[in-house]
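The lines below spell out each chain.
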Amino acid sequence: MSPEFRTASRLGPLARERFKKAGMLASLTLVLATGVISPAAAAARSVTDHEALATAAGGDKCEKPHHKRELSGPAGGHDKDDCKRGPTGPTGPRGHTGATGATGATGHTGATGATGHTGATGATGATGHTGATGATGSTGATGATGATGATGPCADIDAQQDSNNFELRVALSGGKTYAGIRDLTGTTAHPFLWTDLSTHANYPAGGDVGFVCGTAINGHSSNNGQPIKFDVMTTTGQVWETTCVAVNNSQPDATLNCNDSLGNPIRWTKVTLQPSPGVVNGGT
């Protein structure tokens, strides 16, 4: 029968395509059951057959067959389009966003980089201005008078001889005053005999009276029994004295008796009226 008089299939293009696929699936199932080819080869062949079928059908499922194009129009009596499609459906809703995955482990710390080069030394800053000199402060109050210092290196000596019986000396050394006598009788030489007058009461030894710094003798002949006076001058300008009596009948040497009638050393006394600047027959 010629194509022109062949009865047209009542199945649409989609139905015919599904029918063909069903036949191919049945044939593939039969071949796998008989063990002619392996499943992998069968899957490959199925894909090849599907591509061949699509090619034989003209590539577009909605393209009209050749004989239908010839029968369309007034001569064929067919005006209906067998491949007319319906409208496109709405886009479905977007699926929910999946949960955020867990944070990955922290990577290893990288090696420390090399130390950079030391920067150049900055320029020296300018010298600051010198501040103005402050005003001189006022003079402080005069301090209190300090304590009297130790005895200075005063040393002195005086001598007297009124007869051929004895001679006298007074010596100052190391802050102490000594009275001396030497017998002159006979042909044998006699020694000087000394008495420390510093042991007598009121001997000047510092403070307001000062220290002894000079000595002198005022002697008289022993024939009239007059006392011999020994005087000292202190560092404050004061004059003090004590007395002794020469004993020239003692043996073997003449001696000095510097005690009172009770046997106590005669005290030092400050003479009445002391020398002072500008006085005439007077004193303080």
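Rules and cut-offs
- Residues numbered from 1 in each chain as written.
- Predicted model: local features only at pLDDT ≥ 70, side-chain atom pairs only at ≥ 80, totals over all residues.
- Heavy atoms only, no water.
- Helix = DSSP H or I, 4+ residues; strand = E, 2+ residues; numbered from the N terminus.
- Contact = heavy atoms within 4.5 Å.
- Areas by Shrake-Rupley, 256 points an atom, 1.4 Å probe, with all protein chains shown as cover.
- Disulfide = S-S within 2.5 Å.
- Buried < 20%, exposed > 50% of the residue type's maximum accessible area, 1.4 Å probe, protein only.
- Salt bridge = Lys/Arg side-chain N within 4 Å of Asp/Glu carboxyl O.
- Core = buried A, V, L, I, M, F, W, Y, C linked by side-chain atoms within 4.5 Å.
- Pairing = 2+ DSSP bridges.
- Axes fitted to C-alpha atoms, helices over the stretch in contact; angles between N-to-C directions.
- Phe/Tyr/Trp six-rings, centres within 6.5 Å; stacked < 30°, edge-to-face > 60°.

Caption draft 1: Quick look at the overall build of the protein chain. A tally of helices and strands in the protein chain yields 3 helices and 9 strands. The order of α-helices and β-strands along the protein chain, N terminus first, is α-α-α-β-β-β-β-β-β-β-β-β. In the protein chain, once contacts between residues fewer than 6 apart in sequence are set aside, the share between residues at least 24 apart is 44%. Carbon and sulfur atoms provide 55% of the accessible area of the protein chain, an area that totals close to 21100 Å².

Caption draft 2: Molecular detail of the state of the cysteines. As enumerated under the stated definition, the model contains 2 disulfides in all. A sulfur-sulfur separation of 1.7 Å characterises the disulfide bridge that pairs C154 with C213. Disulfide C154-C213: the torsion about the S-S bond is -70 degrees, which places it as left-handed. Taken together, the positions of C154 in the loop between α3 (66–71) and β1 (156–160) and C213 in strand β5 (residues 212–218) put the pair 59 residues apart, joining distant regions of the chain. Note on cysteine connectivity: C244 is disulfide-linked to C258, with sulfurs 1.8 Å apart. As the torsion about the S-S bond is roughly 105 degrees, the C244-C258 disulfide counts as right-handed. One end of the pair, C244, is in strand β7 (residues 239–247); the other, C258, is in the loop between β8 (255–257) and β9 (269–270), and 14 residues separate them in sequence. We classify C244 as buried; its relative accessible area is 0%. The class for C258 is buried, based on a relative accessible area of 5%. Numbered in order of appearance, the disulfide-bonded cysteines of the protein chain are paired 1-2, 3-4.

Caption draft 3: A look at the pattern of salt bridges. A full pass over the atoms with the stated rule returns 2 salt bridges. Across the pair E167 and R182 runs a salt bridge whose closest N-O atoms are separated by 2.3 Å. Within this pair, whereas E167 is found in strand β2 (residues 166–173), its partner R182 is found in strand β3 (residues 176–183), the two being separated by 15 residues in sequence. Note on E167: relative accessible area 6%, which makes it buried.

Caption draft 4: The nonpolar core, seen in detail. Judged by nonpolar contacts, the single largest core of 21 residues is most densely connected at F166, L168, I181, L197, I228, F230 and L256. Among the elements that take part in this core, β2 stands out by supplying 4 residues, more than any other.

Caption draft 5: Representation of the sheet that holds β2. The strand order across the open sheet built from 4 strands is β1-β2-β3-β4, with neighbouring strands paired in antiparallel fashion. Lying at the two open borders of the sheet, with one neighbouring strand each, are β1 and β4 (192–196). Taken pair by pair, the neighbouring strands of this sheet meet at an average axis angle of 20 degrees, ignoring direction. The pairing of β2 with β3 spans 8 bridges and is antiparallel. Bridge pairing in β3 places V170 opposite A179.

Caption draft 6: Representation of the packing of aromatic side chains. Under the definition given, this model contains 2 aromatic pairs. Geometrically, the ring pair formed by Y203 and W268 is edge-to-face, given 5.5 Å between the ring centres and 65 degrees between the ring planes. You can see Y203 sitting in the loop between β4 and β5 and its partner W268 sitting in the loop between β8 and β9, a full 65 residues away along the chain. Taken as a pair, Y203 and W268 share a single burial class, namely buried.

That is the geometry; function is a separate question.
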